Amino acid sequence: LLNDDDKAVISGFWGKASSRAAEIGADALGRMLVVYPQTKTYFDHWKDKSPSSHNVRKHGKKIMDAIGDAITLMGDLNNALLELSQLHAFTLRVDPSNFKMLSHNILVVMANYFPDDFTPDVHLAMDKFLAAVARALSERYR
Ligand code: ZNH
């Protein structure tokens, strides 16, 4: 679970990183589709799934905006992500194991963009936070 130190570290890092949220989301999603090609099956309705495609850029921003909202609602992630959990479970039918793959790529991209700020402490707190997001998104699957 996220303690007060984690929350402070996450908010602090996001204060800097949020200005590049759209890019981070787009690059993380684009990478996920390349590094874990099995994730592409969920996006078969997109004509172009390459990292630089319009679809990937646009959807990456959407995902990262949702992450940004979740950061402001860190104290109550299950509630904050209830609707999105419902959507992924019942409408999109995304296997929850995929959340880990996106989280991993978000961390890689954050580390790339902010090599100085992405200290081991930030890494640890962000990893915990993204795991908590994945847990909250998986809530409705049960
Ligand atoms: Zn997801 C969608 C978020 C993960 C798949 N997403 C979505 C959206 C959002 C999100 C916000 C939109 C919604 C509306 O529109 O309403 N996601 C998210 C997050 C995460 C995720 C936050 C984590 C972290 N997803 C994911 C994964 C996958 C997915 C991992 C797979 C692999 N999503 C998806 C899809 C969709 C979505 C398919 C739909 C798209 C379209 O529309 O086209």
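Our subject is the structure listed above.
Note that this is a predicted model, so its numbers are computed, not measured.

Draft legend 1. Fine view of the packing of helix α2 (residues 21–35) against helix α6 (residues 97–113). With their axes 8 Å apart at the nearest point, α2 and α6 run at an angle of 125° to one another. What the angle tells us is that α2 and α6 run oblique. You can see that α2 and α6 cross each other, and the crossing is right-handed. Side by side, α2 and α6 meet where E23, I24, D27, A28, L29, R31, M32 and V35 of the first sit next to M101, L102, N105, I106, V108, V109, M110, N112 and Y113 of the second. Residues that form the contact of α2 with α6 fall into these classes: twelve nonpolar, two polar and three charged.

Draft legend 2. Seen up close, the coordination of the zinc atom of the ligand. Among protein residues, the single donor to the zinc atom of the ligand is H88 (NE2), with a metal-donor distance of 2.2 Å. Topologically, H88 is positioned in helix α5 (residues 82–91).

Draft legend 3. Summary view of the environment of N3. Note that N3 resides in the segment before α1 (4–17). Sequence separation between N3 and E139 is 136 residues; the distance between their C-alpha atoms is 20 Å. Separated by 3.0 Å, the side chain of N3 and the backbone nitrogen of D5 make a polar contact.

Draft legend 4. The site of the ligand, seen in detail. Around the ligand there are 20 residues in total, and H45, W46, H59, H88 and N98 lie nearest to it. Within the side chain of H45, an N or O atom sits 2.7 Å from an oxygen atom of the ligand. The separation between a nitrogen atom of the ligand and a polar side-chain atom of H88 is 3.1 Å. Applying the majority rule of atoms within 2 Å of the grid points places the ligand in the largest pocket. Mapped by element, the contributors of at least two residues to the shell around the ligand are α3 (54–72), α5 and α6.

Draft legend 5. Focus on the pattern of salt bridges. Per the counting criterion, the structure on display carries six salt bridges. Put simply, E23 and R20 hold a salt bridge, and the shortest N to O gap is 3.1 Å. A relative accessible area of 32% places E23 in the partly exposed class. Judged by its relative accessible area of 29%, R20 falls in the partly exposed class. For the salt bridge of R57 with D27, the shortest nitrogen-to-oxygen distance reads 3.2 Å. Taken as a pair, R57 in helix α3 and D27 in helix α2 lie far apart in primary sequence, 30 residues in all. Judged by its relative accessible area of 33%, R57 falls in the partly exposed class.

Rules and cut-offs
Residues numbered from 1 in each chain as written. Predicted model: local features only at pLDDT ≥ 70, side-chain atom pairs only at ≥ 80, totals over all residues. Heavy atoms only, no water. Axes fitted to C-alpha atoms, helices over the stretch in contact; angles between N-to-C directions. Helix = DSSP H or I, 4+ residues; strand = E, 2+ residues; numbered from the N terminus. Parallel < 35°, antiparallel > 145°, perpendicular 65-115°, else oblique. Left-handed = near helix turned anticlockwise from the far one by under 90°. Contact = heavy atoms within 4.5 Å. Nonpolar A, V, L, I, M, F, W, Y, C, P; charged D, E, K, R; others polar. Donors = N, O, S within 2.8 Å, 3.2 Å for Na, K, Ca; no water. Polar contact = N/O pair within 3.5 Å; in protein donor to acceptor, adjacent residues only side chain to side chain. Near = heavy atom within 4 Å. 1 Å grid on protein atoms, 1.4 Å probe; cavity = no way out; pocket = protein on both sides within 12 Å on 5 of 7 lines; lining within 4 Å. Sits in = over half its atoms within 2 Å of the grid points. Salt bridge = Lys/Arg side-chain N within 4 Å of Asp/Glu carboxyl O. Buried < 20%, exposed > 50% of the residue type's maximum accessible area, 1.4 Å probe, protein only.

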